[in-house]
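Structure at a glance
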Protein chains: 2
Amino acid sequence: MARPTVIPLHEVRFHRGYLADRARLVREVVIPYQWEALNDRVPGAERSGTIHNFQVAAGEKAGEFYGLWFQDSDLAKWIEAASYRLATHPDPALDAELDRLIATIARAQLPDGYLDTYIQLVEPDKRWANLHEYHELYIAGHFIEAGVAHFQATGKRSLLDVVGKLADLIERTFGDGPGKIPGYCGHEEVELALIKLARATGEARYARLAAWFVNQRGTAPLYYEEEIKRLGLKKLPVYFYHDRWAYLQAHRPVREQTEPVGHSVRAMYLYTAMADLARELPDAGLAEACRTLWEQITRRHLYITGGIGSEWMGEKFSEPYDLPNDRAYAESCAGLGLVFFSRRMLDLELRGAYADVMERTLYNNVLAGMALDGKTFFYVNQLEVRPAEAHRRYDHHHIKTQRVPWFGCACCPPNIARTLASLAHYSHSLLPDGIALHLYAASEARVTVHGVAVRLEVETDYPWDGHIVIRVKAARPTRFALRLRIPGWCSGASATCDGETVDLAGGVRDGYLTIERDWGAAHEVRLEFLMPVLRVRANLRVHHDRGRVALQRGPLVYCLEQVDNGPQLDQLLLPRDAEIAARFDPAVLGGAVVLEAGARRLIAADDALYSTSTPATEPAKLTAVPYALWANRGEGEMSVWIHEC
Amino acid sequence: MARPTVIPLHEVRFHRGYLADRARLVREVVIPYQWEALNDRVPGAERSGTIHNFQVAAGEKAGEFYGLWFQDSDLAKWIEAASYRLATHPDPALDAELDRLIATIARAQLPDGYLDTYIQLVEPDKRWANLHEYHELYIAGHFIEAGVAHFQATGKRSLLDVVGKLADLIERTFGDGPGKIPGYCGHEEVELALIKLARATGEARYARLAAWFVNQRGTAPLYYEEEIKRLGLKKLPVYFYHDRWAYLQAHRPVREQTEPVGHSVRAMYLYTAMADLARELPDAGLAEACRTLWEQITRRHLYITGGIGSEWMGEKFSEPYDLPNDRAYAESCAGLGLVFFSRRMLDLELRGAYADVMERTLYNNVLAGMALDGKTFFYVNQLEVRPAEAHRRYDHHHIKTQRVPWFGCACCPPNIARTLASLAHYSHSLLPDGIALHLYAASEARVTVHGVAVRLEVETDYPWDGHIVIRVKAARPTRFALRLRIPGWCSGASATCDGETVDLAGGVRDGYLTIERDWGAAHEVRLEFLMPVLRVRANLRVHHDRGRVALQRGPLVYCLEQVDNGPQLDQLLLPRDAEIAARFDPAVLGGAVVLEAGARRLIAADDALYSTSTPATEPAKLTAVPYALWANRGEGEMSVWIHEC
């Protein structure tokens, strides 16, 4: 079993700052709120039905299944988030609530280990029969993740035993050989979960099962072609449009996949498992496939906000460089998937590019998914909105102009919650030779390096400024490497260690500054990242962004909102030579750095629809706010990309 | 009955030139080709089933109904086109073919006059039961138009009698009072057709029935709300998205409608009937409603090509100024509808703006609908295409990158055919005090003015140049007004009459030059329209066209094609001061004026997806061809709007 790279959650505390505030919001508001939503107790929100379904399956109440066939997974993600909260902030009431819930789940589980309330209550004869559309293994995967999280947080085996029984059933059911099903789930997830289970239990057979699922995928003869024949299906659901089996990454064996295709969440969960396996087995071929896919995603399919997936139909990847702003999908879950995949790539090789993307996506695409009050959410994270068009056009019907309390398909809110509740898994890494810091947030971590207890304290107001103080306190002198990420967006960084200037030119490799030395009782490393406002332009192949710039400061991508700039945002032009001032305003959006510049506004020469006259411009003021904070002040236009003049 | 304003078709001949070539193509290729298509004899084309359905309904063969519930109308439009051809170019074989076909239609008609092969063969119990979705009255309208055209071309009453019987059934069935249905068709058409029938037969009751349909529309209590209750329908088809009853212009009484909404073909056919009735009754209130709607359409909803309808879902109008280029709908039939509506507005009042729009739409949106060989067609006329995106994105799935031989829903090809086959109805008007010329094409017309035979000959190479010679030859001296349209696009016009300069400043009113005088045996009027290349900009509210210009010369809108300019058309920039040369090239696209200019092409500073570097440019050449002629040289990118630098 590969060595752990994450610090146990209870060993890290984020005490203040931007990410800590969001994590606290998740603990104090989001997790309790989502519990109410899963119990159908939020007035005005779409019904969930999730707890209800388990209670019915457990025989605790009468009723019918409600919702989509993958509804169970919402609960699993919530349990995972709640378990992470228990790990960092013990709470007897929540602990007891989880115990009661897990008892219900255990009662709902069939004697042979099967667990999927949709199949159990609605189509019991369809068990494992429609792997391309139903989500049995996907749901199993989320419960396995939940079981591992609950075990690690509480030491209790109650849910771990449930999911172990389920995993054993899956192991008996799927694979090569007589009587076994040579298929795999249409929505990947069980693969990465089985690797977690293997690591939590020490049972390598679960990792072998994950590897079998990954390697079987897309091989000839294609399992799904046989399956739809058996089911008598003449055509596939419309969301398979254009892609057919590429929609679920089964068009060819995974090692031969070089371009991200299909449903973007599915793709990310598959690639995450591939990266995990590449390290676990190890498997250089899988690692190479992961590198290729990661490069293709981030060089040709990534929104500047770190979002991926630009097609609503099928929630999927489109052509390279086809990144429309007002019809973006950029699902919160897909962004999270890219965070997971990038984090696993950092385990394979410490390259700053992986952490840069992880940071970009987390700070922009993912955090935009949740309101400042933690009670409303975006599923889709477009980069531009004009409310009248969004409400009227069918090809914008996936666009919400304001966050909503819940979704009929509510995969995103609990996914955001479980990730923010386990922030330390993304900010820190344990390395064979020391510690790496990927994300900077005020925190205290206790780690053991070469058998020595080390405290790692970070003080910073990041992302509002680029001053970072890191205190290292080793219980006894020990030599190890402290690897500190120098963000890719930063062109002016400097560092000191105990007051001495650190030579970055020599010390930085692949985006990380390494300080390898004997560490004693008290050391202080200071990092200074210059944070000018950057004018970012898209690759020329992104025709949607022609003639436009985006503003970025530190890791934050900015946007214009109507509330600050008036309507018709696309008539506001930013001169190429305009100075852009950055100013922290404690009164705006809970306290944020706001950008301001002198701009020009187009003035129509006449009222004609078409005319040979040239529009004039008048002076105007432009105000930009962090994209992740948009839509917290009422409905209005929003745009990330700004026309230049 | 209002006086006729159109010259009988057999009195006008278009002998050469751009429109004449297209009309000849329709006569010689399109009409025979479409006959084959309607008979399911075109290899590789989508099946029509139309003739088949009538033969089955007539008891001439066994079989089942094939196609959509409004398939019958394709045949009616073809009969109308074929009749117009017979009017101008007698053809005994076609005449006999029509006789046989009409005999089949007569046999298919039920004894009480009912005619709709879908209802007869598939849902006989649903007669008139689902007016919001089925098209019985729409089909009746097209057959009425066909019957009138056939009667006027041949003098035969065979089809006129069939449609008279059908109209009488409709009159008995619909209206106020006991036992009558107080409803109206979801797809307007029968209204304008009944007015034609009234004029052709002299029976004013048909016009009264048309007026009843128009006035009943959208009144409370809404007929359709009762209808869906009766049908037990819980929800409307998805193409009613956002609009509900506005989708079919029944959200309020027609006189209270001030904004074009819903399905754009339906809207145009309604407004055409309203304009006809405004003159026929006369009705000043309807005329005012028509003016308002026409202004709203052309000032806020019109593509530069004259296309309308920018939403594929529901083939309908979107928000004002929401005119996306790559996802345009701009259906050929909607453009034709706007031609019909504008032509009727010219009957209400001679304003050049109506003819300007009629010309813009006909020369660009409508003619783009047909290939140079007359054998393939566009239904959707987008203004920009990138083939890879068009093939891949679901929100582009209505976009075809090349014209196709036929459509499952084939409303457009025969609609184009019937309009081009009756070109004289659009180019000339008979006025109470003389003659008006709206469209300029080499032609000879025989008209009777104040009882005197007058020949009107036009010589021109329009639209390639702006020289027009008009010869007026009256059989005996007579005084009348010759009203000549001065195109709205022309900022430099001059005229002579018999060699004498005509004072345009004094003589032009509302876009028409009036020469009112005694006309004798031989006079010559010369018009000279300067035709510089115009750089046209869209209203600032059209964000889709921000920073871009379109090129227009005379009535023709131009576009860039990949075959001339290479790929990545949006990386080609037209400098604001670039001179644009116009050159007639006989070798290009059957002979066309091509535009050429020195341009710049963007060069990427690097390969990054996002970067703070600024792209450079290099010199390039830009070639533009008439938009109506695009996609005649293989698949590739196309764009009407060109980025400026």
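Coordinates for the structure precede this section.
I will try to describe carefully the structure that is included in this document. For clarity, every value in this text was computed on a predicted model and none was experimentally measured.

1. Some details on the nonpolar core
- A:Leu75, A:Trp78, A:Ile470, B:Leu75, B:Trp78 and B:Ile470 are the most contacted members of the largest nonpolar core, which totals 481 residues.
- Leaving out residues up to four positions away in the same chain, A:Ile470 has contacts with A:Leu437, A:Tyr440, A:Leu456, A:Glu457, A:Val458, A:Leu482, A:Leu484, A:His523, A:Glu524, A:Val525 and A:Leu527.

2. Notes on the packing of aromatic side chains
- Within this structure, the stated rule accounts for 76 aromatic pairs over all chains.
- Geometrically, the ring pair formed by A:Phe65 and A:Tyr118 is edge-to-face, given 5.2 Å between the ring centres and 75 degrees between the ring planes. Taken together, the positions of A:Phe65 in the loop between α2 (50–57) and α3 (72–88) and A:Tyr118 in helix α5 (residues 117–121) put the pair 53 residues apart, joining distant regions of the chain. Each member of the pair, A:Phe65 together with A:Tyr118, is buried.
- Measuring from ring centre to ring centre gives 4.9 Å for A:Tyr394 and B:Tyr241, while their planes differ by 90 degrees; the resulting arrangement is edge-to-face. Of this pair, A:Tyr394 sits in the loop between α15 (387–392) and α16 (412–420) while B:Tyr241 is found in the loop between α10 (223–231) and α11 (264–280), placing the two residues in two different chains.

3. Here we look at the interface of chain A and chain B
- Chain A puts 64 residues into the contact, and the matching count from chain B is 64 residues.
- Summed over both partners, the interface of chain A with chain B comes to about 5500 Å²; 52% of that surface belongs to carbon and sulfur atoms.
- On the chain A side of the interface with chain B, the three residues burying the most area are A:Arg392, A:Leu609 and A:Tyr610, jointly 17% of the side's total.
- At the surface where chain A touches chain B, the tally comes to 10 salt bridges.
- Two residues, B:Asp322 and A:Arg393, come together in a salt bridge whose shortest N-O distance is 2.8 Å.
- When residues of the side of chain A that touches chain B are traced back to their parent elements, those giving at least two are α12 (284–300), α15, β14 (533–538), β19 (592–603) and β20 (610–611) of chain A.
- Sort the elements by how many residues they give to the side of chain A that touches chain B and β14(A) lands first, with five residues.
- Taken together, the residues of the side of chain A that touches chain B sort by class into 27 nonpolar, 18 polar and 19 charged.
- Examined bridge by bridge, β14(A) and strand β20 (residues 610–611) of chain B share two bridges and lie antiparallel to one another. Pairing of A:Arg537 across the sheet is with B:Ser611, part of β20(B).

4. With respect to the pattern of salt bridges
- Counted by the stated rule, this structure contains 130 salt bridges over all chains.
- Across the salt bridge formed by A:Arg351 and A:Glu295, the nearest N and O atoms sit 3.3 Å from each other. With A:Arg351 in the loop between α13 (332–348) and α14 (352–366) and A:Glu295 in helix α12, the pair connects residues that are 56 residues apart, well separated along the chain.
- A residue is classified by how much of its surface remains accessible, and A:Arg351, at 24% relative accessible area, is partly exposed.
- A relative accessible area of 23% places A:Glu295 in the partly exposed class.
- With its nearest N and O atoms 2.6 Å apart, the salt bridge here joins A:Glu384 to A:Arg386. Assigned by exposure class, A:Glu384 and A:Arg386 land together as buried.
- Here the residues in one salt-bridge network are A:Asp322, A:Asp326, A:Arg327, A:Glu384, A:Arg386, A:Glu389, A:Arg548, B:Arg393 and B:Asp395, joined through shared partners.

5. Overview of the side chain of A:Thr623
- With respect to the helices and strands, A:Thr623 occurs in strand β21 (residues 616–626).
- Non-local contacts of A:Thr623, meaning those with residues more than four positions away in its chain, are made with A:Cys559, A:Leu560, A:Asp564, A:Asn565, A:Val594, A:Leu595 and A:Glu596.

Basis of the calculations
Residues numbered from 1 in each chain as written. Chains lettered and ligands numbered in written order. Predicted model: local features only at pLDDT ≥ 70, side-chain atom pairs only at ≥ 80, totals over all residues. Heavy atoms only, no water. Core = buried A, V, L, I, M, F, W, Y, C linked by side-chain atoms within 4.5 Å. Buried < 20%, exposed > 50% of the residue type's maximum accessible area, 1.4 Å probe, protein only. Contact = heavy atoms within 4.5 Å. Phe/Tyr/Trp six-rings, centres within 6.5 Å; stacked < 30°, edge-to-face > 60°. Helix = DSSP H or I, 4+ residues; strand = E, 2+ residues; numbered from the N terminus. Buried area = accessible area lost by both parts, 1.4 Å probe. Salt bridge = Lys/Arg side-chain N within 4 Å of Asp/Glu carboxyl O. Nonpolar A, V, L, I, M, F, W, Y, C, P; charged D, E, K, R; others polar. Pairing = 2+ DSSP bridges.

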